[in-house]
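# Commentary on secondary and tertiary structure
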Amino acid sequence: MPSRQSAPTPKASWQFDAIGTRWAIETVSPLSDSLRREMSDRIAAFDTVYSRFRPDSLVRRVATVAGEYVFPPDSVTLMSLYRQLYGITSGAVTPLVGSTLEALGYDETYSFQTKTPASVPLWDDVMKWDGNILTTTQPVVLDVGAAGKGYLVDIIGQLLEDDGITSYVIDASGDVRHRGSEAQVIGLEHPDDPTRVIGAVRLNNQSLCASATNRRRWGDNLHHVIDGRTSAPATDVVATWVIADSTMVADGLATALFFVSPDDLQSLGSFQFVRMFGSGEVEYLLEDVGELFV
C-alpha cells in the first residue's frame, strides 16, 4: 500500500477485507461484536450502492438504462465534492471514468483485457444530481474510487465515535484516519520500491490518503488513475500523499494532484501534501508534520 503505519504501542486490531481492499481498525480495547456487525453492515450497504463490480449494485443499474435513481443521503456529500473537483480540474477528476476503466481491462471480472475506450462523457451532457436524485440521459458507468473509499473511512470513524471510542486509527490500504492523543508515524512508501520510504509524517487527529500509479496496474501505463479529459491513464505524476481533516477530501485531493497544482485546490480547505513525478522530482508542503528523505 502507498502508506505504512507505525504504531508506537500495542493496540487491539480488527483486520478484514472489504470493498476490494484490506482494512485494519486499531483501538485501545477490542471492539464489541455488536459494533463490528454495525460497521460491517454499513460497509456492505455502501458497497451495494457504489460498487461497479457487483451485479446487484445501484451503480450497476445506472450503467444499464437511463432514468432517475434515488441514492442514499450520503451521496450528497460525496457528489458535491466530485462536482467541485470536476470543475477545478476541468473534468480530469470525474465519476464518469467507469466505462473507460472497464474498456482498459479493470472491469467486473478483472479481465485486464484492453479495448479502445470511448471518450469519458461530459458531466452535464449525461447526468444531473439534484440532492440525492440522479437523472441520466444515457447509461453511465460511475466509479467513485477517487474519493469514495475516503468517505467510507469517515463514515466508519463516525460510527466509532458515536459508540464513545475517541482514540483509534482506521487504515483502509492507504486511506488512514487518526483520532486520539498519541500521534501516529506513517512512512510514505516509495512507488518504485515497497521496501523503501521517501519520508515520514506524524498524523495527529487528521487523515492521510495516498495514491500511486504502481497500484492497480496491469500493463504498460495501464492503471486506475484516469484523466477524464483524455480518457487515458495519468502519466506525469506517479504518487501523491495528502493530509487533511477529512479522509474524503484527502482522498479526492490525492487524485486531483495528478492533474493540477496544489494552488488550484486551495478552495477545498487547508491541506498538506507530497507528490512525486515520473522524473523523480518531489514537490511537497509539510509544515511541522514530517520530513522527506529524498
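The rules behind each value
Residues numbered from 1 in each chain as written. Predicted model: local features only at pLDDT ≥ 70, side-chain atom pairs only at ≥ 80, totals over all residues. Heavy atoms only, no water. Salt bridge = Lys/Arg side-chain N within 4 Å of Asp/Glu carboxyl O. Helix = DSSP H or I, 4+ residues; strand = E, 2+ residues; numbered from the N terminus. Buried < 20%, exposed > 50% of the residue type's maximum accessible area, 1.4 Å probe, protein only. Pairing = 2+ DSSP bridges. Axes fitted to C-alpha atoms, helices over the stretch in contact; angles between N-to-C directions. Core = buried A, V, L, I, M, F, W, Y, C linked by side-chain atoms within 4.5 Å.

We now examine the pattern of salt bridges. Using the criterion set out here, one finds 14 salt bridges in the structure. Of the charged contacts, one joins E102 and R52 as a salt bridge, the two residues approaching to 3.7 Å between their closest N and O atoms. With E102 in helix 4 (residues 98-103) and R52 in the loop between helix 1 (33-50) and helix 2 (58-62), this pair connects stretches of sequence that are 50 residues apart. Note on R52: relative accessible area 2%, which makes it buried. Residue E161 is joined to R179 by a salt bridge in which the shortest nitrogen-to-oxygen separation is 3.8 Å.

A few words on the sheet that holds strand 6 (residues 133-136). Strands sit in the order 4-6-5 across an open sheet of three strands; the sheet is antiparallel. Two strands bound the open sheet, and with one partner strand each, they are strand 4 (68-70) and strand 5 (127-130). Here the strands of the sheet are splayed against their neighbours by 20° on average, with no regard to which way each runs. Of the strand pairs in this sheet, strand 4 and strand 6 are connected by three bridges, and their pairing is antiparallel. Bridge pairing in strand 6 places V70 opposite I133.

If you look at the biggest cluster of nonpolar residues, it comprises 73 residues, and the most contacted ones within it are F71 and L142. With seven residues, helix 6 (residues 148-162) is the single largest residue contributor to this core. Core analysis: the next-biggest nonpolar cluster, separate from the first, contains 19 residues, V176, V201, V238 and M276 among them.

Located in the positive-phi region is S90, a residue other than glycine, with phi close to 55°. For S90, the position within the fold is in the loop between helix 3 (74-88) and helix 4. Note on S90: relative accessible area 57%, which makes it exposed.

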